[in-house]
Amino acid sequence: MQFQLPIQVKEPEEKISYRHKILLTGSCFTKHIGTSLEDLKFSVLQNPTGILFDPLSVCNSLISYIHPKQFSEADLFYLNELWHSWHHHSRYSHIEKESCIIHINESQKKAHEFLKEADWLIITLGSSFSYRLTEEADKANMKAGVGVANCHRAPAKWFEKHLLAIDEIISNLESCYQQLLQFNSKLKIVFTISPVRHVRDGVVENNRSKARLLEAVHRMVESSKPIYYFPAYELVIDVLRDYRFYDIDLVHPNYMATEFVLEKFAATFIEPNAMELMEELRKIVIARKHKPFQSKTKAHKEFLLAHAEKSKILIKKYPFLDLQEELNYFTAVSETL
């Protein structure tokens, strides 16, 4: 008896290996995939601009990495005792204007260099709703009509909410795609749609928003380009299909759901040899996070030394792996016992 709808996921001809560089950008669900890959020692750069939800913000940020755009004080605004950028997440906001600019431009430069060498770009889109500054914002010395990636808790009257049309989304994605390939011709792109519900927009409105993203992305995938689609959205909405797989807010997928999605992603996009190495590294990572009940025992010291030796073996066998932090930890702690 079958209890789940099967979803066929198209596998790429070339899969992700440990020698590949992976840039991830988009909504908060990007972090689930990126952090998992990063923990397992893949070469990853996550959301250099911070979390982004709509396709225009994602495209604008990627294009800014290509050039790369250097931001100035004229690109910032002051609100609630902090300096902010309309194009960046609040993690870049700062009480000092100069520090805000330095942090943003360092990230821009890092993203430029990483994207130049990247093998994979994973884009997670969250919403078709975009926001633009109104004339009310213009009165506060902020240019009306400018699209924003983050509202930074500014007054609602400063923004105009706009539901992007499918053709509008495709046009921006296509333009961004062409510029990306000119910048890095080896780049392969994976699109996902975030299963996180944007219920503040309304349940019906959220479904309209997701539908437009799905149609736009599938048109890109069907255009015979090296673009792939991973059904994170469908795996949660259509396969799991139960609120027990959501956090208490009934909006964000919980740990079980995200692990289920990540397992499917790995099985589809990561090469078999890398999958084997992932399992070895998972043991090292878990050991690094292990909190002993009795840290002064001989057994714990032997545990640390055993994993230090395993780390050395993996470093010797796979010189491209960065396990120095784990090795330093196992060695340093064992020496203090």
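Above this text you will find the structure in question.
Scoring rules and cut-offs
Residues numbered from 1 in each chain as written. Predicted model: local features only at pLDDT ≥ 70, side-chain atom pairs only at ≥ 80, totals over all residues. Heavy atoms only, no water. Pairing = 2+ DSSP bridges. Helix = DSSP H or I, 4+ residues; strand = E, 2+ residues; numbered from the N terminus. Buried < 20%, exposed > 50% of the residue type's maximum accessible area, 1.4 Å probe, protein only. Polar contact = N/O pair within 3.5 Å; in protein donor to acceptor, adjacent residues only side chain to side chain. Phe/Tyr/Trp six-rings, centres within 6.5 Å; stacked < 30°, edge-to-face > 60°. Lys NZ or Arg CZ within 6 Å of the ring centre and 35° of its normal. Axes fitted to C-alpha atoms, helices over the stretch in contact; angles between N-to-C directions. Left-handed = near helix turned anticlockwise from the far one by under 90°. Contact = heavy atoms within 4.5 Å. Nonpolar A, V, L, I, M, F, W, Y, C, P; charged D, E, K, R; others polar. Expected span 1.5 Å × (residues − 1).

Asker: Would you mind going over the sheet that holds strand E6 (residues 129-133) with me for this structure?
Answerer: To summarise the sheet geometry, strands pair through backbone hydrogen bonds and adopt either a parallel or an antiparallel arrangement. Spatially, E7-E6-E8 is the arrangement adopted by the 3 strands of the open sheet, whose pairing is antiparallel. Strands with a single pairing partner mark the edges of an open sheet, and in this sheet they are strand E7 (147-148) and strand E8 (159-163). For E6 and E8, the ladder comprises 5 bridges, and the chain directions are antiparallel. Residue pairing for E8: leucine 133 is matched across the bridge by phenylalanine 159.

Asker: Sorry if this is basic, but what is going on with the environment of aspartate 167 here?
Answerer: By secondary structure assignment, the location of aspartate 167 is in helix H5 (residues 166-183). On the basis of relative accessible area, aspartate 167 is assigned to the exposed category, the value being 54%. Separated by 48 residues in the primary sequence, aspartate 167 and glutamate 215 have C-alpha atoms spaced 9.6 Å apart. Of the polar contacts made by the side chain of aspartate 167, one reaches the side chain of arginine 219; its length is 3.5 Å.

Asker: In this structure, what is going on with the packing of aromatic side chains? I would like to understand it.
Answerer: Two descriptors summarise a pair of aromatic rings, namely the distance from one centre to the other and the angle between the planes of the rings. Summed over all chains, the structure comprises 13 aromatic pairs. Arranged with centres 6.3 Å apart and planes meeting at 80°, the rings of tyrosine 228 and phenylalanine 269 form a pair that is edge-to-face. Linking tyrosine 228 in strand E10 (residues 227-229) with phenylalanine 269 in helix H8 (residues 255-269), this pair joins segments that are 41 residues apart in sequence. By the burial criterion, tyrosine 228 is buried, and phenylalanine 269 matches it. A ring pair is formed by phenylalanine 265 and phenylalanine 269, whose centres lie 5.2 Å apart and whose planes are at 25°; its orientation type is stacked. A residue pair is termed a helical-turn pair when its members lie 3 or 4 positions apart in one helix, as phenylalanine 265 and phenylalanine 269 do in helix H8 at 4 residues. There is no split in this pair, since phenylalanine 265 and phenylalanine 269 are both buried. The rings of Trp120, Tyr228, Phe230, Phe265 and Phe269 are connected pair by pair, giving a single aromatic cluster. Over the ring of phenylalanine 129 we find lysine 161, and its NZ or CZ is 4.4 Å from the ring centre.

Asker: Mind showing me how you'd approach the packing of helix H9 (residues 272-289) against helix H10 (residues 298-317) here?
Answerer: The relative placement of two packed helices comes down to the angle between their axes together with the axis-to-axis distance. Where H9 meets H10, the closest approach of the two axes is 10 Å, and the angle between their N-to-C directions is 145°. The hand of the H9/H10 crossing is left-handed. Contact with H9, carried on its side by Leu277, Glu280, Leu281, Lys283, Ile284 and Ala287, involves Phe303, His307, Lys310, Ser311 and Leu314 of H10 and no other residues of that element. Looking at side-chain class alone, the contact of H9 with H10 contains 6 nonpolar, 2 polar and 3 charged residues.

Asker: Looking at this structure, I do not really get H8. What am I missing?
Answerer: Three- or four-residue spacings in an α-helix give side chains the same orientation, since the helix completes a turn every 3.6 residues. The first and last C-alpha atoms of H8 sit 21 Å apart over 15 residues, in line with the 21 Å expected at 1.5 Å per residue. Residues of H8 that are buried make contact with helix H1 (29-39), strand E5 (120-125), strand E9 (188-193), E10, helix H7 (232-240) and H9. For H8, the side-chain oxygen to backbone nitrogen distance between the N-cap and methionine 256 is 3.3 Å, and the N-cap itself is asparagine 254.

Asker: Explain the sheet that holds strand E1 (residues 21-26) to me, please; I cannot follow it from the model alone.
Answerer: One open sheet holds the 5 strands; their spatial order is E2-E1-E5-E9-E10, and the pairing between them is parallel. If you trace the sheet from one side to the other, it starts and ends with strand E2 (43-46) and E10, each paired once. Across the sheet, the mean angle from the axis of one strand to that of its neighbour is 20°, orientation sign disregarded. Two strands pair when backbone bridges link them, and E9 and E10 are joined in this way by 3 bridges, in the parallel orientation. When the sheet's bridge partners are listed, isoleucine 189 is paired in E10 with isoleucine 227. Packing against the sheet, H1 makes contact with E1, E2 and E5, and its axis sits at approximately 155° to E2.

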